Structures are given as structure tokens and as C-alpha cells.
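# Fold and contact review
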Amino acid sequence: ACGSIKHAVGQAASGDEVRVAPGLFSEANINVNDTIYISGGWSDFGNEGQGDKPNPALTIVDAGDKGPVFVIGAGKPTIGVLTLQNGQFINGGAVFINANTQPEFNNVVFDHNVATNNGGALFINAGTGTAVTVRKGIFTNNSAKDVSGGGSGGAIYISGGTLSLNQSQFITNTTGSSGGGALTM
């Protein structure tokens with residue numbers, strides 16, 4: 001057992017799984033630089049996982065406006081069954097995704113995240129190898145607003161690469177004067 005998600009992720013090697021117990025975790029700037037699996041809610045369900053109806057509300061990672069929750073730097077990480085909230089960063093309030101990575105988000109709630117430029121919840125950086133997948137994502141109350149009233153992609157901003165969205169919802173995401181409350185490409 002590790003004292004924080006950041007510590008556990010930092011110790012994980014390629015192919016490892018980081019299981020996070022239910023609860024509220026105050027953490028920001030968790031660097032993910034490998035192909036690992038991070039998921040929440042584990043102590044309630046045992047070794048079999050979260051059962052038929054995993055609930056991302058059981059495990060909340062609150063960045064407290066001190067940066068993004070995750071910075072994806074390398075690899076093909078999978079992040080699942082978590083709520084990522086109160087992240088704040090220039091680009092990608094909840095998650096900043098570097099070029100040439102292939103992260104996957106399964107059953108993740110992105111709530112009340114703010115970008116002071118683009119991508120309130122997710123910022124996907126340009127790169128030919130960048131491919132992001134979101135399955136059963138819920139994007140609520142995220143915003144992208146810069147000091148001049150601009151900002152694009154209240155929930156997601158894509159500067160390059162590919163994005164696959166499956167069974168995802170966008171609710172009350174906003175921008176400044178620029179386009180795309182839900183998505184800007």
C-alpha cells in the first residue's frame with residue numbers, strides 16, 4: 001500500500017495496476033509516464049473488481065485548483081472508475097495529454113475543472129502518435145476561459161492526434177468567447 005496515488009503511480013512499472021480505494025484524495029500533478037492501469041473503488045469490491053456497475057463517485061481525486069489531476073507524458077495508460085475534479089491548468093484542467101501517447105479513460109467523471117486557456121477537462125497535444133479513447137465519460141461543469149474572455153474546448157480541446165468518444169455525456173461545459181463548450185478540434 002502507498003500513501004498517495006502519486007507515489008503509487010511513480011512506483012508502477014509498465015503493465016502494473018494501481019488500485020485505489022474509495023475515498024477523497026487531494027492530489028494534483030500526478031505524472032503518468034508508462035503503460036499502467038489506474039482504477040478506483042477497489043476495497044468495496046475485492047479482487048474481482050467493481051462488479052457489474054462500477055461507480056466513479058466512490059473514488060474522487062480533487063486537485064484543489066493546484067494543477068491538473070494527471071499529466072500523461074508517455075505510454076498507453078488506462079484510467080478508470082474515478083472522478084477527477086477541481087483541476088486547474090493553462091491547458092487541460094483535469095488531464096494534460098502530451099504528444100505521442102495513447103491514454104484510455106473508462107467510466108471517468110470530469111467535474112468542475114478549469115483551463116485558463118484551452119481544454120477545461122482534457123487537452124490533447126498535437127502528435128501523429130497521439131490517440132485518446134474515452135468510454136462512458138461524463139464531462140460536467142468544466143470550463144476554458146482565458147483572461148481576455150477567450151478559451152476553447154470547455155470539456156475537450158484537441159490540437160492534434162485522434163479522439164474516440166463512446167457513450168459519453170457533456171453537461172454544462174463552457175468557454176469564454178471562443179467555440180466549443182463540449183469540444184474544439
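Residues numbered from 1 in each chain as written. Predicted model: local features only at pLDDT ≥ 70, side-chain atom pairs only at ≥ 80, totals over all residues. Heavy atoms only, no water.

## Section: the environment of Gly 41
Basically, it comes down to this: Secondary structure elements are taken from DSSP: a helix is a run of H or I of four residues or more, a strand is a run of E of two residues or more, and numbering for both begins at the N terminus.
Within the secondary structure, Gly 41 is located in the loop between strand E4 (37-40) and strand E5 (59-62). Distance from Gly 41 to Gly 120, taken between C-alpha atoms, is 25 Å for residues 79 residues apart in sequence.

## Notes on the nonpolar core
Note the following rule: The nonpolar core is taken to be a set of buried Ala, Val, Leu, Ile, Met, Phe, Trp, Tyr and Cys residues, with the residues joined through side-chain atoms within 4.5 Å. Whether a residue is buried, partly exposed or exposed follows from its accessible area with a 1.4 Å probe, protein chains only, as a fraction of its type maximum: under 20%, in between, or over 50%, in that order. We call two residues contacting when some pair of their heavy atoms lies within 4.5 Å.
With 34 residues, the main nonpolar core has Ile 38, Phe 70, Leu 84, Val 95, Phe 105, Phe 110 and Leu 122 as its most contacted residues. Contributing elements (two or more residues each) for this core: helix H1 (5-11), strand E1 (17-20), strand E3 (30-32), strand E6 (70-72), strand E10 (95-97), strand E14 (122-124), strand E15 (131-135) and strand E18 (156-158). The biggest single contributor to this core is H1, with three residues. Not counting residues within four places of it along the chain, the set of residues in contact with Phe 105 comprises Ile 79, Val 95, Ile 97, Phe 110, Leu 122, Val 132, Thr 133, Val 134 and Arg 135.

## With respect to the side chain of Ser 39
In this fold, Ser 39 is placed in strand E4. Beyond its immediate sequence surroundings of up to four residues, Ser 39 is in contact with Glu 17, Val 18, Arg 19, Val 20, Gly 80 and Leu 82.

## Let's talk about the sheet that holds E6
To be explicit about the condition: Note on pairing: DSSP must find at least two bridges between two strands before they are called paired.
Strands sit in the order E3-E6-E10-E14-E18-E22 across an open sheet of six strands; the sheet is parallel. Lying at the two open borders of the sheet, with one neighbouring strand each, are E3 and strand E22 (183-184). The pairing of E10 with E14 spans three bridges and is parallel. Residue pairing in the sheet places Phe 96 in a bridge with Phe 123 of E14.

## Focus on the packing of aromatic side chains
Where we set the bar: Two aromatic rings, drawn from Phe, Tyr or Trp (for Trp, its six-membered ring), form a pair once their centres lie within 6.5 Å of each other, and the interplanar angle then sorts them: stacked below 30 degrees, edge-to-face above 60, tilted otherwise.
Considering all chains together, one arrives at six aromatic pairs under this definition. With a centroid separation of 5.4 Å and an interplanar angle of 10°, the aromatic rings of Phe 96 and Phe 123 are classed as stacked. Here the residue Phe 96 occupies a position in strand E10, and Phe 123 occupies one in strand E14, the gap between them amounting to 27 residues. The exposure class assigned to Phe 123 is buried, which follows from its relative accessible area of 7%.

## Here we look at the sheet that holds strand E13 (residues 114-118)
Pairing is parallel across the open sheet formed by four strands, whose spatial order is E9-E13-E17-E21. Two strands lie at the open edges of the sheet, namely strand E9 (88-91) and strand E21 (174-175), each paired on one side alone. Where E13 lies against strand E17 (residues 143-144), two bridges are found, and the strand directions are parallel. Note that in E17 the partner of Val 114 across the bridge is Ser 143.

## Observations regarding unusual backbone geometry
Positive phi, normally seen in glycine, also occurs at Lys 136, with a value near 55°. As for its position among the elements, Lys 136 is in the loop between E15 and strand E16 (138-140). For Lys 136, a relative accessible area of 48% corresponds to the partly exposed category. For Gln 167, which is not a glycine, the phi torsion comes out positive at approximately 50°. Along the chain, the position of Gln 167 falls in the loop between strand E19 (162-166) and strand E20 (169-171).

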